[in-house]
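# Coordinate analysis (summary)
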Amino acid sequence: MAENFQLWISHDLSERIRRHGAEVFPHECCGALLGRDATAVGSGDSQESGTPREVLDLFPMVNRRDDSPRNRFAVTADDVRDAEKAASQHGLEVVGWYHSHPDHPARPSQFDREHAWPWYSYIIVSVMSGAPAEMTSWRLDDDRQDYSAERIEIRNSAGA
Ligand SMILES: [Zn+2]
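Residues numbered from 1 in each chain as written. Predicted model: local features only at pLDDT ≥ 70, side-chain atom pairs only at ≥ 80, totals over all residues.

### Quick look at the overall build of the protein
Looking only at helices and strands, the protein features three helices and seven strands. Helices and strands in the protein line up, N terminus first, as β-α-β-β-α-β-α-β-β-β. Counting across all 160 residues of the protein, residues that qualify as buried make up 35%. A separation threshold of at least 6 residues defines the contact pool for the protein, and within that pool the share at least 24 residues apart is 69%. (Helix = DSSP H or I, 4+ residues; strand = E, 2+ residues; numbered from the N terminus. Buried ≥ 20, exposed ≤ 12 C-beta atoms within 10 Å, placed from the backbone. Contact = placed C-beta atoms within 7 Å.)

### So, the sheet that holds strand E1 (residues 5–10)
One closed barrel holds the seven strands; their spatial order is E1-E3-E2-E4-E5-E6-E7, and the pairing between them is mixed. Within the sheet, the average angular offset between the axes of one strand and its neighbour, ignoring direction, is 35 degrees. The strands touched by helix H2 (residues 77–89) within the sheet are strand E2 (30–36), strand E3 (53–61) and strand E4 (93–102), with E4 carrying the most contacts at an inclination of about 125 degrees. (Pairing = 2+ DSSP bridges. Axes fitted to C-alpha atoms, helices over the stretch in contact; angles between N-to-C directions.)

### Examining the nonpolar core
Counting 32 residues, the largest nonpolar core has Ala-32, Leu-33, Leu-34, Val-55, Trp-97, Tyr-98 and Ile-123 as the members making the most contacts within it. Looking at this core, the elements with two or more residues in it are E1, helix H1 (11–24), E2, E3, H2, E4, strand E5 (121–128) and strand E6 (131–140). Val-55 has contacts with Leu-7, Trp-8, Ile-9, Leu-13, Leu-33, Gly-35 and Val-95, leaving out every residue within four places of it along the chain. (Core = buried A, V, L, I, M, F, W, Y, C linked by C-beta atoms within 7 Å.)

### Concerning the environment of Val-127
Here Val-127 shows up in strand E5. We classify Val-127 as buried; it has 26 C-beta atoms within 10 Å. The spacing of Val-127 and Arg-19 is 108 residues in sequence and 9.6 Å in space, taken between C-alpha atoms. Once residues lying within four places of it in the same chain are set aside, the contact partners of Val-127 are Gly-21, Ala-22, Phe-25, Ser-100, His-101, Pro-102, Pro-132 and Ala-133.

### Some thoughts on unusual backbone geometry
The omega torsion across Phe-25 and Pro-26 is 10 degrees, close enough to zero to call that bond cis. Take Pro-26: it is sitting in the loop between H1 and E2. The phi angle at Asp-103 is positive, at roughly 55 degrees, despite the residue not being glycine. In this model, Trp-119 sits at a positive phi of 80 degrees, which is unusual for a non-glycine residue.

### Quick look at the pairing of strand E7 (residues 147–155)
Strand direction decides the pairing type here: E1 and E7, joined by six bridges, are parallel. Each residue of the ladder has a partner; that of Phe-5, found in E7, is Glu-150. Strand direction decides the pairing type here: E6 and E7, joined by four bridges, are antiparallel. Across the sheet, residue Leu-140 finds its bridge partner in E7, namely Tyr-147.

### Some points on the environment of Leu-7
Along the chain, Leu-7 turns up in strand E1. Residue class for Leu-7 comes out buried when judged on the 24 C-beta atoms lying within 10 Å of it. With 88 residues separating them in the primary sequence, Leu-7 and Val-95 have C-alpha atoms 9.8 Å apart. Leu-7 has contacts with Pro-52, Arg-53, Val-55, Ser-121, Ser-137, Glu-150, Ile-152 and Glu-153, leaving out every residue within four places of it along the chain.

Right under this line is the structure:
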C-alpha cells in the first residue's frame with residue numbers, strides 16, 4: 001500500500017526552514033507548517049486530484065526540550081494550540097511540522113516516529129556543520145508502525 005504523498009512548498013519557505021536550522025545549530029529548530037490540504041475535503045476512496053497538500057506559511061517555534069535540544073523534537077499540546085491559532089488567523093490549517101537534524105541525516109529517528117501523529121507532514125532538514133543540507137518529508141502511517149516518504153515539490157510561487 002505505497003501511498004504517493006506529495007507536499008508543495010515555495011522555494012522561499014523551504015529556504016526559511018533551512019535558515020532556521022542553520023541559525024539554531026547545533027540545536028534543533030522546529031516549527032509548524034501552515035497551509036491547505038485538499039485531500040482532507042473529499043475523504044473516502046475518491047482519487048486524489050488537483051492540488052495536494054500545500055505549505056503556505058511557517059510558524060517557527062522554540063524547542064522546549066532543553067534537556068536534549070540536539071536530538072529531541074516533540075510537539076507539546078501548547079505548541080499545537082499556538083500553531084493552530086496562528087494558522088486560523090491566516091485562514092490556514094496546521095498541515096505538519098518541521099525540525100532539523102544537526103549533524104545527522106534527514107531521516108526520522110526512532111524518537112521522531114514514536115512522537116509523531118498520523119496525517120501530519122513532517123519535514124526534516126539535515127544541517128551538517130552548520131550548513132543546511134538534505135530536506136525530506138514523511139508521514140506516519142495510520143497504524144503508527146511505520147512511515148511513508150513524502151515527495152517535496154518546490155514551487156516557484158505558492159499562491160499569494
Ligand atoms: Zn528528528
